[in-house]
Amino acid sequence: MAKLGKFKVLDHPLIQHKLSIIRDKNCGTREFREVVNEIAELMAYEVSRDMPLEDCVIETPIAKAKMKHLAGKKVVIVPILRAGLGMVDGILELIPAAKVGHVGMYRDEKTLKPVEYFVKMPDNLASREIFIVDPMLATGGSAIMAVDALKKRGAVSIKFVCLVAAPEGVKALREKHPDIDIFAAALDDHLNENGYIVPGLGDAGDRLFGTK
Ligand code: PRP
Ligand code: URA
């Protein structure tokens, strides 16, 4: 039987402090971009906590010693375009050898359904540990479609990492893909009639890239 994924809110004080900075409507593009990356970096520390280690032998300047290094699957960071791009550099600070795949998707403003427009992945996804990143998990439609796209290409080990999640999106993603782990910096209250997270932080893509 496939493992049951977990949902975890990473409520570290530094993460919560930085999240309050970017929630503020007066936070400008430059600061928003910087702080999104900082939060992503802090989250990567927790998200990678269960990475397997294996024994190795190291010769220090003093002696030979049995130590540990990372074993197993190599990480692929997969931002959902556009807003997911804002989290990539922060995670690469911690995991610089990670490969980066891209899933291009936008939410139709009327139907709120995601529309896929681009997918480019490294080869051999089945042997890789995948972190899908997107600041916002709202209805869950984009996340579900991104996981579908990756599973269709052979991915089996997937974590979804977002900054702000709505209960509706967490429920939908867990129902459709119960095997994946979901990490959020905050679980907010609800979605409004336009599908925005309340209180949320507005349109993450527009705030990152200075568009309207
Ligand atoms: C936003 C966000 C997610 C999606 C979340 O992207 O970055 O990808 O909406 O909403 P959902 O959970 O209801 O699918 P958007 O479609 O605005 O595109 P953008 O990143 O290009 O701004
Ligand atoms: N996408 C965003 O960028 N913000 C929301 O609140 C919901 C979807």
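Residues numbered from 1 in each chain as written. Chains lettered and ligands numbered in written order. Predicted model: local features only at pLDDT ≥ 70, side-chain atom pairs only at ≥ 80, totals over all residues. Heavy atoms only, no water.

Under an unreviewed UniProt entry, the chain has the name Uracil phosphoribosyltransferase and belongs to Liquorilactobacillus ghanensis DSM 18630. Among the UniProt annotations of the chain, the heading Pathway (unreviewed entry) holds the following wording: "Pyrimidine metabolism; UMP biosynthesis via salvage pathway; UMP from uracil: step 1/1." Looking at the Function (unreviewed entry) heading of the UniProt record, one finds this comment for the chain: "Catalyzes the conversion of uracil and 5-phospho-alpha-D-ribose 1-diphosphate (PRPP) to UMP and diphosphate." (UniProt positions renumbered as here; feature names shortened; annotations may be inferred.)

Trainee: Can you explain the overall build of the chain? Please cite residues and give values.
Mentor: Each helix and strand counted, the chain has six helices and 13 strands in total. When the backbone C-alpha atoms are referred to their principal axes, the chain occupies close to 65 × 40 × 25 Å. Here the chain holds 212 residues, and the buried ones make up 46% of them. Of the roughly 11,400 Å² of accessible surface on the chain, a fraction of 55% belongs to carbon and sulfur atoms. Distance between charge centres in the chain, computed from 30 positive and 29 negative side chains, equals 4 Å. (Helix = DSSP H or I, 4+ residues; strand = E, 2+ residues; numbered from the N terminus. Buried < 20%, exposed > 50% of the residue type's maximum accessible area, 1.4 Å probe, protein only. Areas by Shrake-Rupley, 256 points an atom, 1.4 Å probe, with all protein chains shown as cover. Lys, Arg positive; Asp, Glu negative; His and termini not counted. Charge placed at Lys NZ, Arg CZ, Asp CG, Glu CD.)

Trainee: Outline the pattern of salt bridges, supporting the account with residue identities and numerical values.
Mentor: By the definition in use, this model includes 13 salt bridges. The shortest N-O distance in the salt bridge between arginine 82 and aspartate 206 comes to 3.1 Å. Of this pair, arginine 82 sits in the loop between β4 (74–81) and α3 (88–94) while aspartate 206 sits in helix α6 (residues 204–209), and the two are 124 residues apart along the sequence. What makes aspartate 206 buried here is its relative accessible area of 18%. When salt bridges that share partners are traced, they join Lys8, Glu46 and Arg49 into one network. (Salt bridge = Lys/Arg side-chain N within 4 Å of Asp/Glu carboxyl O.)

Trainee: Could you give an account of a nonpolar patch on the surface, with specific residues and numbers?
Mentor: On the surface, a cluster of nonpolar side chains totalling about 370 Å² of accessible area is made up of Tyr106, Val115, Tyr117 and Phe118. Ranked by the residues each element gives to the nonpolar patch, the list is headed by strand β7 (residues 114–120), at three residues. Relative to the elements of secondary structure, tyrosine 106 occurs in strand β6 (residues 102–107). (Patch = residues over 30% accessible without salt bridge, like charges linked within 9 Å, V, L, I, M, F, W, Y side chains within 5 Å.)

Trainee: Explain helix α5 (residues 167–176) to me, using residue names and the numbers behind them.
Mentor: One turn of an α-helix holds 3.6 residues; hence residues three or four places apart share an orientation. Of the residues making up α5, those classed as buried are Gly169, Val170 and Leu173. Seen along its axis, α5 keeps its buried residues to an arc of 100°; they face one direction. Turned more than 90 degrees away from the buried face of α5 sit Lys171 and Glu175, all of them exposed. Against β1 (7–9), β9 (136–137), α4 (141–152), β10 (157–165) and β11 (181–187) lie the buried residues of α5. (Arc of directions from axis to C-beta. Contact = heavy atoms within 4.5 Å.)

Trainee: Lay out the site of ligand 2 with the relevant residues and their values.
Mentor: Neighbouring ligand 2 are the residues Arg107, Met136, Ala138, Gly195, Tyr196, Ile197, Gly202, Asp203 and Ala204. Interatomic distance of 2.8 Å between a backbone N/O atom of isoleucine 197 and an oxygen atom of ligand 2. For ligand 2, an oxygen atom lies 2.9 Å from a polar atom in the backbone of alanine 204. Spatially, ligand 2 is embedded in the largest pocket. In terms of residue class, the shell around ligand 2 is built from five nonpolar, two polar and two charged. (Near = heavy atom within 4 Å. Polar contact = N/O pair within 3.5 Å; in protein donor to acceptor, adjacent residues only side chain to side chain. 1 Å grid on protein atoms, 1.4 Å probe; cavity = no way out; pocket = protein on both sides within 12 Å on 5 of 7 lines; lining within 4 Å. Sits in = over half its atoms within 2 Å of the grid points. Nonpolar A, V, L, I, M, F, W, Y, C, P; charged D, E, K, R; others polar.)

Trainee: Describe the nonpolar core, and please don't skip the residues or the numbers.
Mentor: Leu19, Ile22, Ile39, Met43, Ile91, Val133 and Leu163 are the most contacted members of the largest nonpolar core, which totals 37 residues. When residues of this core are traced back to their parent elements, those giving at least two are α1 (13–23), α2 (29–47), β4, α3, β8 (128–133), β10, β11 and α6. Of the residues forming this core, the biggest block, eight residues, is contributed by α2. In this structure, Ile80, Val103, Val147 and Leu173 belong to the second largest nonpolar core, which totals 25 residues. (Core = buried A, V, L, I, M, F, W, Y, C linked by side-chain atoms within 4.5 Å.)

Trainee: Which residues make up the pairing of β6, and what values go with them?
Mentor: Sheet faces and side chains relate simply in a regular strand, where the side chains alternate between the two faces. Both β4 and β6 contribute to a ladder of two bridges, which runs parallel. Bridge pairing in β6 links leucine 81 to glycine 104. By the bridge criterion, six bridges tie β6 to β7 in an arrangement that is antiparallel. In the sheet register, glycine 104 faces β7, and the bridge partner there is phenylalanine 118. Following β6, the chain reverses through six residues before pairing antiparallel with β7; leucine 112 in that reversal takes a positive phi of roughly 65°. (Pairing = 2+ DSSP bridges.)

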